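The chain contents come next:
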Amino acid sequence: MTTLSADDSYLNHYGFSHDPFAARVPGFKFFPAQRKPVLGQLHHLARYSQLLLVVTGPEGSGKTLVRQALVASSNKQSVQSVVITPQDTFDSNHVLQQVAQALGSPRADFEAIMAQVIQMGLTGQEVYLLVDDAERLTGAAVETLLRLAVGSPEGRPHVFLFGQQSLVGRLEALVEGEERFHVIALQPYELEETREYLAMRLEGAGSGLDCLSEEQIARIHDVSGGWPGSINEAARDELLDAMEHSKAKRSPGLRLPLPMKHVLAVLAVLAVVAVAFLMRGGDPVEPAPSVTSLPLGANPAAESDVQSAQAEAPVPASEEPIVREPLAASGAPELEGDGEEAGDEPAAAPSIPEPAPQVNEPSPAVVEETPAPRASTPEPVPPAEPKAPQRSEPVRQDVAEPAPADSGWYASQPAGHYLVQVLGTRDENNAKGLVRQHGDGYRYFVKQHEGKPLYVVTYGSFSSRNAAVQAIQSLPASLKAGKPWARTVGSVQKEISSNR
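Residues numbered from 1 in each chain as written. Predicted model: local features only at pLDDT ≥ 70, side-chain atom pairs only at ≥ 80, totals over all residues. Heavy atoms only, no water.

Caption draft 1: Representation of the environment of V66 within the structure. Structurally, the position occupied by V66 is in helix α3 (residues 63–73). Separated by 24 residues in sequence, V66 and L42 have C-alpha atoms that sit 9.9 Å apart. (Helix = DSSP H or I, 4+ residues; strand = E, 2+ residues; numbered from the N terminus.)

Caption draft 2: The packing of aromatic side chains, seen in detail. Tallied over the entire structure, the rule returns 13 aromatic pairs. Aromatic pair Y10 and Y14: ring centres 6.0 Å apart, planes at 75°, arrangement edge-to-face. Taken together, the residues Y10 and Y14, both in helix α1 (residues 4–14) and four residues apart, mark about one turn of the helix. No difference in accessibility class separates Y10 from Y14, as the two residues are buried. Look at F30 and Y189: their rings are 5.6 Å apart centre to centre, the planes differ by 70°, and that puts the pair in the edge-to-face class. One end of the pair, F30, is in the loop between α1 and α2 (36–48); the other, Y189, is in the loop between β5 (181–185) and α8 (191–204), and 159 residues separate them in sequence. In this structure an aromatic cluster arises from ring pairing among F28, F30, Y189 and Y197. For R201, the ring lying beneath its charged end belongs to F28, and the centroid distance is 4.4 Å. The ring centre of W409 lies 3.9 Å from the NZ or CZ of R443, which sits over that ring. (Phe/Tyr/Trp six-rings, centres within 6.5 Å; stacked < 30°, edge-to-face > 60°. Buried < 20%, exposed > 50% of the residue type's maximum accessible area, 1.4 Å probe, protein only. Lys NZ or Arg CZ within 6 Å of the ring centre and 35° of its normal.)

Caption draft 3: Region of the structure containing the side chain of Q216. Relative to the assigned elements, Q216 resides in helix α9 (residues 214–224). Leaving out residues up to four positions away in the same chain, Q216 has contacts with C211, E238 and A242. (Contact = heavy atoms within 4.5 Å.)

Caption draft 4: Summary view of a negative patch on the surface. Among the surface-exposed residues, E59, E233, D237 and D241 lie close enough to one another that they form a single negatively charged patch. Assignment of secondary structure puts D237 in helix α10 (residues 228–250). Judged by relative accessible area, which is 45%, D237 ranks as partly exposed. (Patch = residues over 30% accessible without salt bridge, like charges linked within 9 Å, V, L, I, M, F, W, Y side chains within 5 Å. Areas by Shrake-Rupley, 256 points an atom, 1.4 Å probe, with all protein chains shown as cover. Salt bridge = Lys/Arg side-chain N within 4 Å of Asp/Glu carboxyl O. Lys, Arg positive; Asp, Glu negative; His and termini not counted. Charge placed at Lys NZ, Arg CZ, Asp CG, Glu CD.)

Caption draft 5: Fine view of unusual backbone geometry. With a phi angle near 50°, D133 is a residue other than glycine that sits in the positive phi range. Within the secondary structure, D133 sits in the loop between β3 (126–131) and α6 (139–150). Judged by relative accessible area, which is 22%, D133 ranks as partly exposed. At E176, a position not held by glycine, the phi torsion is positive, near 55°. Note on placement: E176 falls in the loop between α7 (166–175) and β5.

In structure tokens form, the structure reads like this:
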């Protein structure tokens, strides 16, 4: 359950304000007692040794948190920290350029940087150079950092590398037995520390540790090995499994294949379609009453018009309704139903005998006065018949109106592809503005969230999840700060269809 709809049901079930076990939760910091000695050791070695310091641990072990704590606990007035976080393979030139830029060095080379470090040392300032995800450094970049750590008698920067265990083997190959670096390996959490970590995560999301039983906590600790990143994954899986089991217990009989809110949305769509169908189905019958209400009455001139209409045999099929309507209105109303079935034949003859006896005497006087008005009456009649299709148009527009502008594009994409969800906003203007600002590849769709429309901005369409995750790294920093994530196109298509 990795889609946004699954996340919604997950959050609603437990009453979370956000996913407590997301990889990155802004403002969350958990620093157990066992990590505090590591922090003190780093400060001590930085002051009294000339060794490059290495902090190792598997992915998700908390190395970045130690690095952040090291920067936060240093004296800002006497220490300038330079943090490098490689997004991909990082060579020596990239390292020197970032350090030179941070220190204000006029040139990005080893000698110029060392001169700047020495100059800062004379004013009482030390330089902390910290590299996160250091396993992404090339061999040349690691060797340059080793040289910077040695420095010169006049001064040197304090270099800290945070990376996986494989980094140690590369360093050993470069130093050839010399003691030029010191390794501090992070340790996993104990069971009690895992419990404290889970409690803090859940409290940050507006809940508490009572969401998990002691058995679940012990299982999470065993499965994760006590590493924070693995604890997050194991805890989320436990909560999702418990949610599914509770739903199964509540509905032991017939189970719906979709969540209840999706079923209600489908029923609402079917109801709208049914109403639209009934309205369209009734339109063809409506012209009958409109014909009988025409102000033609028992006009004495009807007889002459009928005779002239019958005389015009070669009238095209499209003009025949113009002849039938005045006949039905001026003659016998009981023949209205027959008039629609007449097809191509001008069934006007039956209506002639009835008005004839009523107008025998006045017809000579009236026929001379009314040719001009009666000649114009057939012309306004054509707009009367097109009213039927005009009434059906608003119904079709109302049904399609809620669909967002880009829903057709999402529907055209393969459901197995992935895209990057950038952000969600309650204001559609914000979504449109972001799409206009960043241009091609950015789109948005609308879904219902907590009973209100939520406009979700996405980026790209990728054939694999890895490609979508890599694309996140290329997003502008302002968008990456919102923690974008990869999701399937199929999940978006489901949310768009449920919103109609």
